[in-house]
Amino acid sequence: GEHFLDVTLKRANGAVIDQLDSLPQDNTALTSTWTNDGLYFDSRLLSTNSPGTYRVGLTLYYLTGETDPPYVNLTIDDCDEGECVVWMLDDLLTR
């Protein structure tokens, strides 16, 4: 199956400000066509309601076609904390 990308924008306290889920490149880049050594670009527009410092998290997952569980998150190699399913990017400062 295809892999979906979840992009989440959070405040420093963990509160979710915005979130987008879709196939990469606005549903036009099927991951089944990707190669292991390929480099792929994807852009997302996330909204903030005020200036501040935010964190961006990325999660890749696929749908199972079942009801329990309906999806499975891909895990991160060499992860030391949590469930190892969210790539947290550096802080993002907006003005």
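Residues numbered from 1 in each chain as written. Predicted model: local features only at pLDDT ≥ 70, side-chain atom pairs only at ≥ 80, totals over all residues. Heavy atoms only, no water.

### Re the overall build of the chain
From N to C terminus, the chain includes 1 helix and 5 strands. Taken from N to C terminus, the helices and strands of the chain fall in the order β-β-α-β-β-β. By principal-axis analysis of the C-alpha atoms, the chain measures approximately 40 × 30 × 30 Å. Taking all 95 residues of the chain together, the buried fraction comes to 22%. Put simply, 58% of the contacts in the chain that link residues at least 6 apart link residues at least 24 apart. A total of about 7000 Å² of accessible surface is found on the chain, and carbon and sulfur atoms cover 50% of it. Of the charged side chains in the chain, 5 are positive and 16 negative, and the gap between their average positions amounts to 14 Å. (Helix = DSSP H or I, 4+ residues; strand = E, 2+ residues; numbered from the N terminus. Buried < 20%, exposed > 50% of the residue type's maximum accessible area, 1.4 Å probe, protein only. Contact = heavy atoms within 4.5 Å. Areas by Shrake-Rupley, 256 points an atom, 1.4 Å probe, with all protein chains shown as cover. Lys, Arg positive; Asp, Glu negative; His and termini not counted. Charge placed at Lys NZ, Arg CZ, Asp CG, Glu CD.)

### Regarding the nonpolar core
Leu5, Val7, Leu9, Tyr54 and Val56 together form the largest nonpolar core, which totals 5 residues. Contributing elements (two or more residues each) for this core: β1 (3-11) and β3 (52-63). Among the elements that take part in this core, β1 stands out by supplying 3 residues, more than any other. (Core = buried A, V, L, I, M, F, W, Y, C linked by side-chain atoms within 4.5 Å.)

### Quick word on the pairing of strand β2 (residues 16-22)
Note that β1 and β2 share 6 bridges and pair antiparallel. Paired with leucine 9 across the strands is aspartate 18, a residue of β2. Counting the residues in the hairpin turn of β1 and β2 gives 4 residues, including glycine 14, whose phi is positive at 95°. (Pairing = 2+ DSSP bridges.)

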